[in-house]
Amino acid sequence: MKTSMLLTSNKKFVQIIFLMFLGLALSALISCSPREQRLISNNSLESVDSPTLSPGESQETNQLLPIIQHDKYGYINSTGQIIVKPQFDEAGFFSEGLAWVRIGGKNGFIDTTGQIIIEPQFDSASSFSEGLAAVGIGGKIGYINKTGKLVIPPQFDTTYRFSEGLASVAINGKWGYIDKTGKIIIQPQFHKAKDFSEGLALVRLGKQSGYIDQRGQFVIESPLSLDRSFSEGLAVVRSGVEWGYIDKTGQIAIDLQFRQAFDFSEGLAVVVTGPPVREGPLEMADLTWGYVDKTGQMVIKTEFDEVKDFSEGLAAVAVGEKWGYINKSGQIIIEPQFDFASEFSQGLAWVTIDSKPGYIDNTGRYIWTPTN
């Protein structure tokens with residue numbers, strides 16, 4: 001699942017606590033509506049483009065992982081050892097060697113030793129991506145570099161992270177793209193504009209959606225509904241209640257046949273099948289979850305109540321209200337026992353029991369328990 005990071009200057013944006021955000025961002029893979037780019041709240045860990053422990057944020061090898069202890073945030077390593085003692089009011093995941101933290105109502109950045117590298121001074125902040133991080137100052141958003149220097153002055157109402165050298169920004173209600181100097185590369189004109197992924201970005205102009213290249217030229221326009229960015233060369237499309245996939249030429253690669261479809265991850269994608277369309281609401285019991293390969297063949301047909309993307313060879317699945325993990329043969333590897341379970345990153349997954357968070361390894365062994 002790919003998600004993107006959004007920073008907004010709206011003071012009324014959603015205030016979501018750490019656990020609730022993780023649950024929403026990581027457990028909402030299967031929903032009635034397409035997944036949207038994730039909102040960044042000052043009071044939450046943020047998501048960036050990746051199906052990992054951070055709700056979407058790509059985790060770097062051997063990076064530290066956030067924990068909460070006595071209502072303060074700190075960090076552990078992959079063995080569960082506390083490296084940065086809990087001391088922050090809020091904290092984000094590490095990205096490019098730095099993590100944002102919140103102290104006394106202001107956001108700054110620390111390194112992996114816990115040392116403050118950029119003093120808390122911003123109203124809001126996002127993680128670093130391609131060397132820059134979006135920050136909020138006085139109701140507007142700009143970008144800083146890793147020394148804390150403001151390289152793009154605050155001037156935007158809403159922004160996304162940099163991806164493939166460009167970031168989508170909103171100016172006077174219209175979306176366009178800037179480069180890392182702040183220069184407008186694609187004029188604000190769209191009603192919606194997502195991150196670039198695999199050389200293309202999904203935009204909406206009026207009621208029509210399509211994919212543009214980095215020159216701002218439409219390369220794929222389709223009468224079908226376009227909902228998501230490209231992942232592993234394919235993108236989800238739909239017509240009415242039927243879902244399928246297109247390739248980068250805009251041609252149908254997997255026929256529209258599913259009741260719901262999601263991004264490819266590790267060569268497989270979650271799909272939902274069900275009975276023919278009929279009047280009246282569709283019951284969850286009518287649906288079957290499974291995984292297809294890039295030919296559209298159903299390679300894992302499950303009887304689980306809900307499933308998530310594969311990550312590091314495992315996928316979280318729900319039996320009733322409990323989550324466990326299966327392998328790519330569909331076998332249960334970690335028995336369903338968790339109230340919530342994330343995807344794996346760096347060999348670890350974030351889980352909760354009775355609203356208490358912890359991290360497990362790929363055998364199901366806790367390296368940080370919910371009782372800590």
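The following paragraphs examine the structure supplied in this document. (Residues numbered from 1 in each chain as written. Predicted model: local features only at pLDDT ≥ 70, side-chain atom pairs only at ≥ 80, totals over all residues. Heavy atoms only, no water.)

### Structural notes on the overall build of the protein
- When its secondary structure is counted, the protein shows one helix and 37 strands.
- In the protein, buried positions account for 54% of the 372 residues.
- A total accessible area of about 15400 Å² is found for the protein, and carbon and sulfur atoms account for 50% of it. (Helix = DSSP H or I, 4+ residues; strand = E, 2+ residues; numbered from the N terminus. Buried < 20%, exposed > 50% of the residue type's maximum accessible area, 1.4 Å probe, protein only. Areas by Shrake-Rupley, 256 points an atom, 1.4 Å probe, with all protein chains shown as cover.)

### Details of the side chain of Asn 77
- Among the structural elements, Asn 77 can be located in the loop between β4 (72-76) and β5 (82-88).
- Asn 77 sits in the buried class, given a relative accessible area of 17%.

### A closer look at the nonpolar core
- If you look at the biggest cluster of nonpolar residues, it comprises 14 residues, and the most contacted ones within it are Val 270, Tyr 291, Val 307, Phe 310, Val 317 and Ile 326.
- If you list the elements that add at least two residues to this core, you get β27 (268-273), β28 (288-292), β30 (306-311) and β31 (314-319).
- By residue number, the principal contributor to this core is β27, which donates three residues. (Core = buried A, V, L, I, M, F, W, Y, C linked by side-chain atoms within 4.5 Å.)

### Focus on the sheet that holds strand β22 (residues 225-226)
- If you trace the four strands from one edge of the open sheet to the other, you get β22-β23-β24-β25, paired in antiparallel fashion. The outermost strands of the open sheet, each flanked by one partner alone, are β22 and β25 (252-258).
- Here β22 pairs with strand β23 (residues 235-239) via two bridges, running antiparallel. When the sheet's bridge partners are listed, Leu 226 is paired in β23 with Val 237. (Pairing = 2+ DSSP bridges.)

### Focus: the pattern of salt bridges
- Taken as a whole and assessed by the stated rule, the structure comprises 13 salt bridges.
- For Glu 90, the salt bridge identified is with Arg 102, shortest N-O distance 3.8 Å. Linking Glu 90 in strand β6 (residues 90-91) with Arg 102 in strand β7 (residues 99-103), this pair joins segments that are twelve residues apart in sequence. Each member of the pair, Glu 90 as well as Arg 102, is classed as buried.
- Of the charged contacts in the structure, one is a salt bridge between Lys 106 and Asp 123, with a shortest N-O distance of 2.6 Å. (Salt bridge = Lys/Arg side-chain N within 4 Å of Asp/Glu carboxyl O.)

### What about the pairing of strand β13 (residues 150-156)?
- For strand β12 (residues 140-144) and β13, the ladder comprises three bridges, and the chain directions are antiparallel. Bridge pairing in β13 places Ile 144 opposite Leu 150.
- In textbook terms, the turn of a hairpin is the stretch between consecutive antiparallel strands, and for β12 and β13 this stretch comprises five residues, one of which, Gly 148, has a positive phi near 90 degrees.

### Description of the sheet that holds β27
- If you trace the four strands from one edge of the open sheet to the other, you get β26-β27-β28-β29, paired in antiparallel fashion. Two strands close off the open sheet at either side, each with one partner strand: β26 (260-265) and β29 (298-301). Between one strand axis and the next, the sheet turns through 25 degrees on average, direction left out of account.
- Sheet analysis places β26 next to β27, joined by four bridges and oriented antiparallel. Its bridge partner being in β27, Phe 264 is matched across the sheet by Ala 269. (Axes fitted to C-alpha atoms, helices over the stretch in contact; angles between N-to-C directions.)

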